[in-house]
Amino acid sequence: MSRQQDEQGVVLTAYTSNSEALPAISCKEQTEFPGASRRTGQYNVQRGKAAGAALGSSSGKAPYQRCSSQDSLDEQAMLDYFKEVEIIQCSGDAETQEDLQLKVADEGEQEEAWLMEAGLATLFDESASDGEDSIVLLSTLTRTQAAAVERRVETLKQTLRKRNKPYSVPDVREIFKPSPASQSQDEAGSTERSGSNKQEVEGLGNGVGPEAPGGGADAETDINLEVSFSEQALMYKDGLKVTQPQNEADDRLPDFKVSQDKTGQTRVGDLSAEDMKKVRRLVLIEMSALFDTCGIEVKAHKALKVKVRESGLFGVSLSTLLEQDQRRIPGTKVPVILQHLISHIEEQGLDTEGVLRIPGAATRVKAVCHELEHKFYEGMFPWESLKQHDAASLLKLFIRELPYPLLTVEYFNAFISVLKLPTKKQQLQALNLLVLLLPEPNRDTLKALMEFFQRVIDHKDRNKMTLNNVAVVMAPNIFMCKGFRSKISEQQEFAMATGTANIVRLLIRYQNLLWTIPKFILNQVRKQNMENQRKMNRDRAVKKLLKKMAYDRERASNKQESSAEAEGGFIRVQAPQFSMVSMAVQLTEDLKASDVLMRFLSQERSLSVKREDLCLYEMGGNIKERCLDEETYIKALLELNPSAEWVIKSVQH
């Protein structure tokens, strides 16, 4: 059967283990991996209408059914997946390394951990230090986000009651009870926002209302970043559902697009650390609200501490690796060893057929790994002698040998649960939130890998590595983390094959969307910042307040000048990092951030800085700091943040 035939007409429908019937084959004997090994078993294949008898093994075992929400993999793709699993098992990865022990949190423990991570510890612990921040955070939540908080508070309350423990968890009705002063204002605003949100969602075709079934491309592919994903899911749930196509080829994944926002897109890395902390808390609540709305329960694992290597390259945590690298190269965000492996493959092997799929020689890879450990940081490793397939095997080994999974223990189940969501759009929205939840080292490393995989795919005409090929081969390396791979059954592994490959496929294909901060989250951060400023101005001690008033008078005079300039059709742009103190720029409807940067460079011709290394920042007002997308319209942003200042700075890529 040819590969072309497989892709056109063969869909894997079930899997039956045949481990008893096949003789054990040692890793040493297995130089060529057979189509069906003792690990992979037998495949039941259905050809369109020619499907015949009921599926099952001769031993009477029930076939392993794939989840109906998952896209099917063809027979060859499934074989490639389990060949990769076999290679992993035979590689004998770091046999002395202690396996990661995974444990599901006890009843109530998960809710406590969730509330703490969301910055809401004060809801069950009055001594928590984030009381004021919690109140501000709660005041910005949408109805679905508030429902997610209420659900976890109520669950925790019931758990403590069962244990007969004293508790100070407030009644959920009290948590979101508005203050008398703001109640009337909020009610008026709520009605307006509700109607506006509904109109925005329906207008962008999110599968709600009469336009969904017949709706053409726009109805299926527009991504709305201005309305909470969980709110959109609630409207979708109440509306007409659209059946999702199965077994999509590389070129049949929807071309999702984001409607242009005049205030600019916000990418990971564009915000200050302080605002990103707020983003992460809101994203956690929103992600939970999205799964709750769709009726999907996600239980988080917790990692028990294990003894890991404190130095070296392989089997070392990302945080330790980055500490090592930052001592040598300040500002490093992705482990240098991974950067070198990627660069080596790109320089020599992007056209190599089967790169990432064909393994290097196991003994040679082990020897090279040992040599890298001893020579890499001394700059003595002979990169010119490293073969391309060996380099690709080392890259996969690096990912597998991380003592904690790249997607983290905490969110591992959430990533796997993404495909339970009913539409591709919701799956993409959940992945967007999960990417934002990852710790910075994990998120940056994952992005470097996804960008590399896309460059491999760009050469598919020569290397024969399509999006599906890369996803199938890399899925077991990303998802079969140490400790986890030995604790799943063959049935679970079969289900994971299709599911994890499709998740990797989505991560690669839509990476430009997934590393974007949704505007509705950013708007909630802006609202929190405004509330915090009001509280700070109201609650400071008299002495500090007097000092602040003196400072504010000076600052106000500057802002009055700036405001007067804006009203007169100009904005004042500062560049303290360079020789220019400030620059007046005429404010027009069409003025973009890119125009401001071009104006700056035309006036500062003596600067050696490159155009791509400059960024215009929005600073102050309702945001701490934000690097602007070059397509940002300044006048539209000024309406959103009237007190903002504009600063040009150089940025590190």
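Going along each chain's sequence as written, the residues are numbered from 1 onward. Whole-chain, interface and lining totals are the exception, using all residues; otherwise, since this is a predicted model, local features are given only for residues with pLDDT of at least 70 and side-chain atom pairs are given and counted only at 80 or more. Computation of side-chain values covers all heavy atoms of the structure but excludes hydrogens and water.

In the annotation of an unreviewed UniProt entry, the entry for the protein chain reads Rho-GAP domain-containing protein, and the organism field reads Onychostoma macrolepis. Entered under Function (unreviewed entry) in the UniProt record, the comment concerning the protein chain runs "GTPase activator for the Rho-type GTPases by converting them to an inactive GDP-bound state." UniProt positions are given in the numbering used here, feature names are shortened, and annotations may be inferred rather than shown by experiment.

So, about the overall build of the protein chain. The way it works is that DSSP assigns letters per residue, a run of H or I at least four long becomes a helix, a run of E at least two long becomes a strand, and they are numbered from the N terminus. Summing up its helical and strand segments, the protein chain has 25 helices and 14 strands in all. Every one of the 653 residues in the protein chain was classed for burial, and the buried ones make up 49%. Any two residues whose heavy atoms approach within 4.5 Å at even a single point are treated as in contact. Once local pairs closer than 6 in sequence are excluded, the contacts in the protein chain between residues at least 24 apart make up 77%. Burial classes: relative accessible area under 20% of the type maximum marks a residue as buried, over 50% as exposed, and values in between as partly exposed (1.4 Å probe, protein chains only).

Residues other than glycine seldom take positive phi values, yet L356 does so here, at roughly 80°. Assignment of secondary structure puts L356 in the loop between α12 (336-348) and α13 (362-375). Of note in the backbone geometry, T408 takes a positive phi value of approximately 70° without being a glycine. Residue class for T408 comes out buried when judged on its relative accessible area of 7%.

What follows covers the sheet that holds strand β14 (residues 645-650). Two strands are counted as paired when DSSP detects at least two bridges linking them. Spatially, β11-β10-β14-β12-β13 is the arrangement adopted by the five strands of the open sheet, whose pairing is mixed. In this open sheet, the two strands that pair with only one neighbour each are β11 (582-586) and β13 (623-627). The mean angle between the axes of side-by-side strands here comes to 30°, regardless of whether they run parallel or antiparallel. Here strand β10 (residues 570-574) runs beside β14; their pairing, made up of two bridges, is parallel. Bridge pairing links Q574 to V647 in β14. Inter-axis angles, ranging from 0 to 180 degrees, are taken between N-to-C directions of lines fitted to C-alpha atoms, where helices are fitted over the stretch in contact.

Turning to empty space enclosed by the protein, a few remarks are in order. If you roll a probe as big as a water molecule over the atoms, it shows you where there is empty space left. The way it works is a 1 Å grid over only the protein atoms, where trapped points that fit a 1.4 Å probe form a cavity and open points with protein on both sides within 12 Å along at least five of seven lines form a pocket, and then any residue with an atom within 4 Å of a point lines it. Grid points are joined across faces, edges and corners, and a volume is the space filled by probe spheres set on the points. In total, this model carries four cavities of 30 Å³ or more according to the counting rule given. The volume enclosed by the largest cavity comes to roughly 60 Å³. Every residue along the wall of the largest cavity is listed here: I223, L225, F229, V258, K425, L428, Q429, N432, L513 and L514. The biggest single contributor to the lining of the largest cavity is helix α16 (residues 424-437), with four residues. Approximately 50 Å³ is the volume found for the second largest cavity. Taken together, I399, R400, L402, Y404, P405, L406, N477, I478, M480 and C481 make up the lining of the second largest cavity. Broken down by secondary-structure element, the contributors of at least two residues to the lining of the second largest cavity are α14 (388-400) and α19 (467-479). Ten residue types, Ala, Val, Leu, Ile, Met, Phe, Trp, Tyr, Cys and Pro, are classed as nonpolar, four, Asp, Glu, Lys and Arg, as charged, and the remainder, Gly among them, as polar. Grouping the constituent residues of the lining of the second largest cavity by class yields eight nonpolar, one polar and one charged.

This part covers the state of the cysteines. For this text, the term disulfide refers to a pair of cysteine sulfurs within 2.5 Å. Counted by the stated rule, this structure contains one disulfide. Through a disulfide, C615 is tied to C627; the S-S separation comes to 2.0 Å. Between C615 and C627, the disulfide has an S-S torsion of 120° and is therefore right-handed. Highlighted residues: C615 in strand β12 (residues 614-620) and C627 in strand β13, separated in sequence by 12 residues. The residues C615 and C627 share a single accessibility class, namely buried.

Position of P439 among the secondary structure elements: in the loop between α16 and α17 (440-458). On the basis of relative accessible area, P439 is assigned to the partly exposed category, the value being 32%. Excluding residues within four positions of it along the chain, P439 makes contact with R280 and T408.

Looking now at the packing of aromatic side chains. Within 6.5 Å between ring centres, the rings of Phe, Tyr and Trp (the latter by its six-membered ring) count as paired, and their orientation is classed by plane angle as stacked under 30 degrees, edge-to-face over 60, tilted in between. Overall, the coordinates contain 10 aromatic pairs when judged by the stated rule. Ring centres 4.9 Å apart and planes at 75° place the aromatic pair F381 and W383 in the edge-to-face group. Here the two residues F381 and W383 agree in accessibility, since each one is buried. Centroid distance F578 to F600: 5.5 Å. Interplanar angle 50°. Geometry classified as tilted.

Moving on, we come to helix α10 (residues 273-293). Take the number of residues in a helix, subtract one, and multiply by 1.5 Å to get its expected span. An ideal rise of 1.5 Å per residue puts 30 Å on 21 residues; α10 measures up with 30 Å between its terminal C-alpha atoms. Among the 21 residues that make up α10, 16 are buried, leaving the element largely enclosed by the rest of the structure.

Across its 14 residues, α16 extends 20 Å between first and last C-alpha, which sits within 8% of the 20 Å expected from 1.5 Å per residue. For α16, a buried count of 14 out of 14 residues is recorded, marking the element as mostly surrounded by other parts of the structure.

As a further point, take the packing of helix α9 (residues 229-238) against α16. Two elements in contact, α9 and α16, have axes separated by 11 Å at closest approach and are oriented at 160°. Between α9 and α16, the crossing angle belongs to the class labelled roughly antiparallel. In terms of crossing hand, the pair formed by α9 and α16 is left-handed. Together, F229, Q232, A233 and Y236 of α9 and Q426, Q429, N432 and L433 of α16 make up the contact between the two elements. Residue composition of the contact of α9 with α16, by class: four nonpolar, four polar and no charged. Angles below 35 degrees are treated as roughly parallel, those above 145 as roughly antiparallel, those between 65 and 115 as roughly perpendicular, and all remaining angles as oblique. The handedness criterion is simple: a crossing whose near helix is rotated anticlockwise from the far helix by less than a right angle is left-handed, and one whose near helix is rotated clockwise is right-handed.

As a packed pair, α12 and α14 sit with axes 10 Å apart at the nearest point and diverge in direction by 150°. Between α12 and α14, the angle falls in the class roughly antiparallel. With respect to the hand of their crossing, α12 and α14 are arranged in left-handed fashion. Only Q388, A391, A392, L394, L395 and F398 of α14 make contact with α12, whose side of the interface consists of I337, L338, L341, I342, H344, I345 and Q348. Looking at the contact of α12 with α14 residue by residue, the class counts come to 10 nonpolar, three polar and no charged.

This part takes up the pattern of salt bridges. The rule for a salt bridge is simple: a side-chain nitrogen of Lys or Arg has to be within 4 Å of a carboxyl oxygen of Asp or Glu. Per the counting criterion, the structure on display carries 25 salt bridges. Measuring nitrogen to oxygen at the nearest pair gives 3.4 Å for the salt bridge that ties D351 to R462. Of this pair, D351 sits in the loop between α12 and α13 while R462 sits in helix α18 (residues 460-463), and the two are 111 residues apart along the sequence. For D351, a relative accessible area of 37% puts it in the partly exposed group. The partner of R534 in a salt bridge is E531, and the shortest N-O contact between them spans 2.8 Å. Taken together, the residues R534 and E531, both in helix α22 (residues 519-539) and three residues apart, mark about one turn of the helix. A cluster of three or more residues bridged by salt bridges with shared partners is formed by E274, D275, K278 and K624.

On to the confidence of the model for the protein chain, then. On average, residues of the protein chain carry a pLDDT of 77, and 69% of them reach 70 or more. Confidence drops under a pLDDT of 50 for residues 1-70, and excluding neighbours within four residues, the segment shows 117 contacts in the predicted structure. In this model, residues 179-219 is a region of pLDDT below 50 whose contacts with residues beyond four sequence positions or in other chains number 42 contacts. For every residue, the pLDDT score states the predictor's confidence, bounded by 0 at the bottom and 100 at the top.

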